[in-house]
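Analysis of the macromolecular model
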Amino acid sequence: MSFILKMNHACRRTNALLSGSRLNAKICNRQVLVSRCLTTSNRRAPSPFAFVFDIDGVLLHESRPIPGATETLEFLQKEHIPFILLTNGGGKHETERVQELSKRLQVQLSTNNFIQSHTPFRQLASDLQNKNVLVTGSNAEKIRGIAKQYGFKNVITPADILRSYPDIWPFEPPLDFSSGRVLSQKDLKIDGIFVYNDPRDWAFDIQLIVDLLLSENGVLGTLSASNGRRDLPNNGWQLDGQPSIFFSNPDLYWSTAYHLPRFGQGAFQGALSGVWKQVTGGQELKCHIIGKPHHHTFEYAERVLNDHRTTMIGTSAGIGSLQTVYMVGDNPESDIRGANRYKSAHGTKWNSILVKTGVWDQERGNPTCVPDAIADNVSAAVKWAVERENWRSS
Ligand SMILES: [Mg+2]
């Protein structure tokens, strides 16, 4: 199975803003924006430029709208300027998350213009639908439901394994595994491992994943005879039919209610990679990582954005090509780095705008990846881009 190949086939299916505004201008006045927007026809072709917004730290902080976020999205909708939301977050199905976001932001959103970290996993369901996959995340039981909605049929959680084979973990049970399934022998061959969002029980999950990566043909409880053989490529590690492992989000940190950034899924990956090196005598963990800043997530996002532009007027005829995208994010390492290094196969130019409302703190120094612009907030970011495009309200 080629994940990259699957990703490449994925997703087929004031005037200008406010005159005289500056990059650090204050938050847009909602009433002014809405009154201007009301003159705009919804049948108007979408603009040749578009926006991609991160969510946490850009539109929301601790589940509450960041001032100006709602008005900014309303403005873009009225002006027929396309946008999508692209987050490294996850843990809920897209439908549930979009409903929640629409309510919180008081803006009608759709799954057509929403991508979360694990959305691209759905592209792998057809290859693995009749195979066993191990899933983990913040709430593995909920993740099981998402995976099934994506099309995976036999989804196994760490709790299922612990419930069926309690001796596999010699410490106090780390999980509430009351809802776990009882597994049979045939369930022990795992063909894919998916980390949907931030696992809670790192130690147990790392034990299970390493067990599978050491196994013969992915059968839990076995050991491959190839492990450590110096006459084989990669010294024999991960060469004997072990399951591929997929991570959805590389973020080491994320912004929370606490005053300092907290560890994200990237920290879990680091811990697993460190243990794997210890176990194998220094071997790198072979795995697939998607999510910002990785190329394939941006490629996926561009395709969703192009499809969304078509959906906005119901036809691709006369729509014109998407020329410019503005990625608005708060994380230099994911949002900004990803947009800066992404090269569109269709000639679309990507620009990055770093906002000050999230994980990046100006007082701790310059951003680790330099954006095309820095804005006080999402409203100022859009204002800067719309002026740059010489956009005029109709
Ligand atoms: Mg963010």
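In what follows, the accompanying structure is described. These numbers come from a predicted model, not from an experiment. (Residues numbered from 1 in each chain as written. Predicted model: local features only at pLDDT ≥ 70, side-chain atom pairs only at ≥ 80, totals over all residues. Heavy atoms only, no water.)

This next bit is on the overall build of the protein. Broken down by element type, the protein carries twelve helices and 15 strands. The buried share of the protein, taken over its 394 residues, is 53%. Accessible surface for the protein amounts to roughly 17500 Å². Of this, 49% is attributable to carbon and sulfur atoms. (Helix = DSSP H or I, 4+ residues; strand = E, 2+ residues; numbered from the N terminus. Buried < 20%, exposed > 50% of the residue type's maximum accessible area, 1.4 Å probe, protein only. Areas by Shrake-Rupley, 256 points an atom, 1.4 Å probe, with all protein chains shown as cover.)

Our next topic: the packing of helix α8 (residues 202-213) against helix α9 (residues 265-280). Their axes nearest at 10 Å, the elements α8 and α9 cross at an angle of 50°. The angle between α8 and α9 falls in the class oblique. Between α8 and α9 the crossing geometry is right-handed. Between α8 and α9, the contacting residues are W202, D205, I206, I209, V210 and L213 on the first element and A267, F268, A271, L272, V275, W276 and V279 on the second. Its residues assigned to classes, the contact of α8 with α9 shows twelve nonpolar, no polar and one charged. (Axes fitted to C-alpha atoms, helices over the stretch in contact; angles between N-to-C directions. Parallel < 35°, antiparallel > 145°, perpendicular 65-115°, else oblique. Left-handed = near helix turned anticlockwise from the far one by under 90°. Contact = heavy atoms within 4.5 Å. Nonpolar A, V, L, I, M, F, W, Y, C, P; charged D, E, K, R; others polar.)

Looking now at the coordination of the magnesium ion. Taken together, D54 (OD), D56 (O) and D330 (OD) make up the protein donors of the magnesium ion, found 2.0 to 2.3 Å from the metal. As a motif over one chain, the donors of the magnesium ion read D-x1-D-x273-D. Highlighted residues: D54 in the loop between β1 (49-53) and β2 (60-61) and D330 in the loop between β13 (324-329) and α11 (332-341), separated in sequence by 276 residues. (Donors = N, O, S within 2.8 Å, 3.2 Å for Na, K, Ca; no water.)

The next subject is the nonpolar core. Of all hydrophobic cores here, the largest spans 33 residues; its most connected members are F51, F53, L59, L85, L105 and V328. If one sorts the elements of this core by residue count, helix α12 (residues 378-388) sits on top with six residues. In this structure F53 touches V58, L59, L73, L76, F83, I84, L85, L86, M327, V328, V378 and V382, once residues within four positions along its chain are discounted. (Core = buried A, V, L, I, M, F, W, Y, C linked by side-chain atoms within 4.5 Å.)

This part takes up unusual backbone geometry. Note the cis peptide between K292 and P293, where omega equals 10°. In this fold, P293 is placed in the loop between β12 (288-289) and α10 (295-313). One non-glycine residue, Q106, lies in the positive phi region at around 55°. You can see Q106 is positioned in the loop between α4 (94-105) and β5 (114-115).

As a further point, take the sheet that holds strand β7 (residues 154-156). Within a sheet, neighbouring strands are paired by backbone hydrogen bonds and run either parallel or antiparallel to one another. Across the sheet, which stays open at both edges, the five strands sit in the order β7-β6-β8-β9-β12 with parallel pairing between neighbours. Single-partner strands in this sheet number two, and they are β7 and β12. One ladder, built from four bridges, connects strand β8 (residues 192-195) with strand β9 (residues 244-247); its direction is parallel. Bridge assignment links F194 to a residue of β9, and that residue is F246. α8 contacts β6 (132-136), β8 and β9 of the sheet and is inclined by roughly 155° relative to β8. Here α9 sits on the sheet and contacts β8, β9 and β12; the angle it forms with β9, its principal contact strand, is near 150°. (Pairing = 2+ DSSP bridges.)

If you trace the six strands from one edge of the open sheet to the other, you get β5-β4-β1-β13-β14-β15, paired in parallel fashion. If you trace the sheet from one side to the other, it starts and ends with β5 and β15 (373-375), each paired once. Examined bridge by bridge, strand β14 (residues 349-355) and β15 share three bridges and lie parallel to one another. Bridge pairing in β15 links V355 to A375. Across the face of the sheet, α10 comes into contact with β1, β4 (83-86), β5, β13 and β14 while running at roughly 150° to β4.

A few words on the side chain of D251. Inspection of the secondary structure puts D251 in the loop between β9 and β10 (253-254). For the buried D251, no salt bridge exists, and the shortest N-O distance to an oppositely charged side chain is 6.4 Å, to K292. Within the structure, D251 has its side chain in polar contact with the side chain of N88 (distance 3.0 Å). If we ignore the near neighbours within four places in the chain, the residues touching D251 are N88, G264, Q265, G266, A267, K292, N331 and S334. (Lys, Arg positive; Asp, Glu negative; His and termini not counted. Salt bridge = Lys/Arg side-chain N within 4 Å of Asp/Glu carboxyl O. Polar contact = N/O pair within 3.5 Å; in protein donor to acceptor, adjacent residues only side chain to side chain.)

This part is about the packing of aromatic side chains. Evaluation of the coordinates by the stated rule reveals 21 aromatic pairs. A centroid spacing of 6.4 Å and a plane angle of 55° characterise the contact between F194 and Y196, whose relative ring orientation is tilted. Comparing F194 with Y196 shows no difference in burial state: the two are buried. Relative to W350, the ring of F298 lies with its centre 5.5 Å away and its plane at 75°, an arrangement referred to as edge-to-face. Here W350 lies in strand β14 and F298 lies in helix α10, a separation of 52 residues in the sequence. Judged by relative accessible area, F298 falls into the buried class, the value being 0%. One aromatic cluster in this structure is built from F49, F51, F53, F83, Y326, W384 and W391. (Phe/Tyr/Trp six-rings, centres within 6.5 Å; stacked < 30°, edge-to-face > 60°.)

On their own, these measurements won't tell you what the molecule is for.
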